[in-house]
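# Chains, contacts and geometry: an overview
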Amino acid sequence: MNTSTSTSSSASKDSICIIEISAGKNKGVNPLGKSTRRHIFSSLQSALSNPAVTAIVLTGGYKSKHFSAGADIAEFGKSDSNVGGDEEVPSGTSICNAIEQSTKPVVCAIRGVALGGGFEIVLSSHYRVADKSSKFGLPEVNIGLIPGAGGTQRLPRLIGVKRACDIVLSGRMMNVKE
């Protein structure tokens, strides 16, 4: 399945780089497929190396109903989901580590769902702003997978071990108030 991805990054007059996640046909849920991960990572690297950029905002995009529903299930079972074409594709862990280690503040602006890898990106950011109807979670445990981009470490740091264990082990979604 070939999915075109449009992830844009631009520095405004206020020196803020906005990175929109918009994944082609599936942009409604913004899955984190190869091309999306490649664009997010390269946009982050560009913003980090640009001295005019003082802050970075990650968003699902103004036309999207969701931040990101996580992994692109169309890529499940492929021989190597981190290899695509002539260049290596960054993993979710690489993206989350780059966000967390950024010397510039990274803000996630969330609407709709941030699940799986999408939630792990949110957890790795320095600040989070969410619409009151947003939902968060690590539902991959419901299909026998363990969150793989640091969510099991970052979530307890933010909400405490007891509450994080409930979310991580049950796969349930939590709302903004939680």
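Provided above is the structure to which this section pertains.
The text that follows walks through the structure, step by step, so that each part is easy to find. If you're wondering where the values come from, they're calculated on a predicted model, not measured in any experiment. (Residues numbered from 1 in each chain as written. Predicted model: local features only at pLDDT ≥ 70, side-chain atom pairs only at ≥ 80, totals over all residues. Heavy atoms only, no water.)

On a plain count of helices and strands, the protein chain comes out with 5 helices and 10 strands. Every one of the 178 residues in the protein chain was classed for burial, and the buried ones make up 42%. Summarising the internal contacts of the protein chain: among those between residues at least 6 apart in sequence, 66% fall at separations of at least 24. (Helix = DSSP H or I, 4+ residues; strand = E, 2+ residues; numbered from the N terminus. Buried < 20%, exposed > 50% of the residue type's maximum accessible area, 1.4 Å probe, protein only. Contact = heavy atoms within 4.5 Å.)

Moving on, we get to the environment of Arg111. Counting through the fold element by element, Arg111 comes out in the loop between strand E6 (106-110) and strand E7 (113-115). A relative accessible area of 36% places Arg111 in the partly exposed class. Note: C-alpha distance between Arg111 and Gly61 (50 residues apart in sequence) is 9.1 Å. For Arg111, the contacting residues outside a window of four places in its chain are Gly61, Tyr62, Lys63, Ser64, Lys65, His66, Phe67, Asp131 and Ser134.

Let's shift gears to the environment of Phe67. Tracing the backbone through its elements, the reader meets Phe67 in the loop between strand E3 (55-59) and strand E4 (83-84). The buried category is assigned to Phe67, whose relative accessible area is 0%. With 39 residues separating them in the primary sequence, Phe67 and Gly28 have C-alpha atoms 8.8 Å apart.

Turning to the pairing of strand E2 (residues 16-20), a few remarks are in order. The alternating pattern of E2 places Cys17 and Ile19 on a buried face and Ile16, Ile18 and Glu20 on a face that is not buried. Summarising the sheet, E2 and E3 pair through 5 bridges and their orientation is parallel. Pairing of Ile18 across the sheet is with Val57, part of E3. (Pairing = 2+ DSSP bridges.)

Grouped together as the largest cluster of nonpolar side chains are 31 residues, with contacts concentrated most on Leu58, Phe67, Ile121 and Leu155. No other element matches helix H3 (residues 117-124), which puts 4 residues into this core. (Core = buried A, V, L, I, M, F, W, Y, C linked by side-chain atoms within 4.5 Å.)

Mapped onto the secondary structure, Glu120 falls in helix H3. Here Glu120 is buried and forms no salt bridge, its nearest opposite-charge partner Arg154 lying at an N-O distance of 6.1 Å. In this structure Glu120 touches Cys96, Leu138, Glu140, Pro147, Gly148, Ala149, Gly150 and Gly151, once residues within four positions along its chain are discounted. (Lys, Arg positive; Asp, Glu negative; His and termini not counted. Salt bridge = Lys/Arg side-chain N within 4 Å of Asp/Glu carboxyl O.)

The next thing to look at is the sheet that holds strand E10 (residues 174-175). Here we have 3 strands laid out as an open sheet, ordered E7-E9-E10, and mixed in their pairing. Two strands in the sheet have a free side with no partner beyond their single neighbour: E7 and E10. Relative to E10, strand E9 (residues 135-137) is paired through 2 bridges, and the arrangement is antiparallel. Following the sheet pairing, Lys135 is matched in E10 by Asn175.

Below, the discussion takes up the pattern of salt bridges. Applying the stated rule across the entire model yields 4 salt bridges. One salt bridge connects Glu100 with Arg154, and the closest N-O pair in it is separated by 3.0 Å. Highlighted residues: Glu100 in helix H2 (residues 92-100) and Arg154 in helix H4 (residues 151-159), separated in sequence by 54 residues. According to the relative accessible area criterion, Glu100 is partly exposed, its value standing at 31%. Residue Arg154 is classed as buried on the basis of its relative accessible area of 5%. Here Glu178 and Arg172 are joined by a salt bridge, their closest N and O atoms 2.7 Å apart. For Glu178, a relative accessible area of 34% translates into the label partly exposed. The network of salt bridges with shared partners includes Glu100, Arg154 and Arg157.

All we've got here are geometric facts, nothing functional implied.
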